[in-house]
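Chain and residue survey
Below are the chains, spelled out letter by letter.
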Amino acid sequence: MIGKTKDAGWEIGVSKTVAYPLEQVWEYLSGPGLAAWLGEVSLEPEKGAPYETAEGTVGEVRGYREREKIRLTWRPKDWGHESTVQVGLRPAGPGKTTVVFHQERLTGPEERAAQREHWQAVMKRVVDGLHG
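The rules behind each value
- Residues numbered from 1 in each chain as written.
- Predicted model: local features only at pLDDT ≥ 70, side-chain atom pairs only at ≥ 80, totals over all residues.
- Heavy atoms only, no water.
- Buried < 20%, exposed > 50% of the residue type's maximum accessible area, 1.4 Å probe, protein only.
- Helix = DSSP H or I, 4+ residues; strand = E, 2+ residues; numbered from the N terminus.
- Arc of directions from axis to C-beta.
- Axes fitted to C-alpha atoms, helices over the stretch in contact; angles between N-to-C directions.
- Parallel < 35°, antiparallel > 145°, perpendicular 65-115°, else oblique.
- Left-handed = near helix turned anticlockwise from the far one by under 90°.
- Contact = heavy atoms within 4.5 Å.
- Nonpolar A, V, L, I, M, F, W, Y, C, P; charged D, E, K, R; others polar.
- Salt bridge = Lys/Arg side-chain N within 4 Å of Asp/Glu carboxyl O.

Digging into helix α1 (residues 22–29)
Along α1, the residues that are buried comprise L22, V25, W26, Y28 and L29. Down the axis of α1, the sector holding all buried residues measures 165°, keeping them to one side.

The following block contains the structure:
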């Protein structure tokens with residue numbers, strides 16, 4: 001089945017290449033752009049650091065590699081389970097960066113479809129935020 005893996009269960013990924021250098025995209029996503037993809041939150045860049053957004057989403061940092069990726073557990077207040085979310089960056093040529101949102105440990109195809117829409121909307125907010 002599309003979107004189902006043996007180890008991570010149901011998952012979804014959304015990516016886009018943007019015309020901004022990796023350093024600029026990282027500075028945005030790990031700073032003022034946190035609100036665009038995670039919510040109003042202060043995130044400590046160390047493994048095991050807990051967080052809670054103003055909207056009630058809770059989790060903990062599982063990985064934080066400067067200019068590469070942020071991986072964390074993610075449980076909105078109306079969910080009965082947590083999932084894993086990762087935002088990753090990779091160079092895509094001079095002055096370009098590919099941004100990837102990946103979420104795993106979803107409950108099934110319906111949640112996967114809903115999260116596809118969520119991350120597509122998040123990507124639009126991120127792109128709009130980069131444009132300033």
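What follows continues from the structure just given.
Some points on the packing of α1 against helix α3 (residues 109–131)
Close contact between α1 and α3 brings their axes to 11 Å; oriented N to C, the two are set at 115°. By the criterion of interaxial angle, the relationship of α1 to α3 is roughly perpendicular. Along this stretch, α1 crosses α3, giving a crossing that reads as right-handed. Across from Q24, V25, Y28 and L29 in α1, the residues of α3 making contact are R125, V126, G129 and L130. When the residues that make up the contact of α1 with α3 are grouped by side-chain class, the tally is five nonpolar, two polar and one charged.

Here's the deal with the pattern of salt bridges
Overall, the coordinates contain five salt bridges when judged by the stated rule. In this structure, E82 engages R105 in a salt bridge whose closest nitrogen and oxygen atoms are separated by 3.5 Å. One end of the pair, E82, is in the loop between β5 (69–74) and β6 (83–91); the other, R105, is in strand β7 (residues 97–106), and 23 residues separate them in sequence. You can call E82 partly exposed: its relative accessible area is 31%. By relative accessible area, which is 34% here, R105 ends up partly exposed. Of the charged contacts, one joins D128 and K124 as a salt bridge, the two residues approaching to 2.9 Å between their closest N and O atoms. Of this pair, D128 and K124 both sit in helix α3, separated by four residues, roughly a single helical turn. The class of D128 is partly exposed, set by a relative accessible area of 38%.

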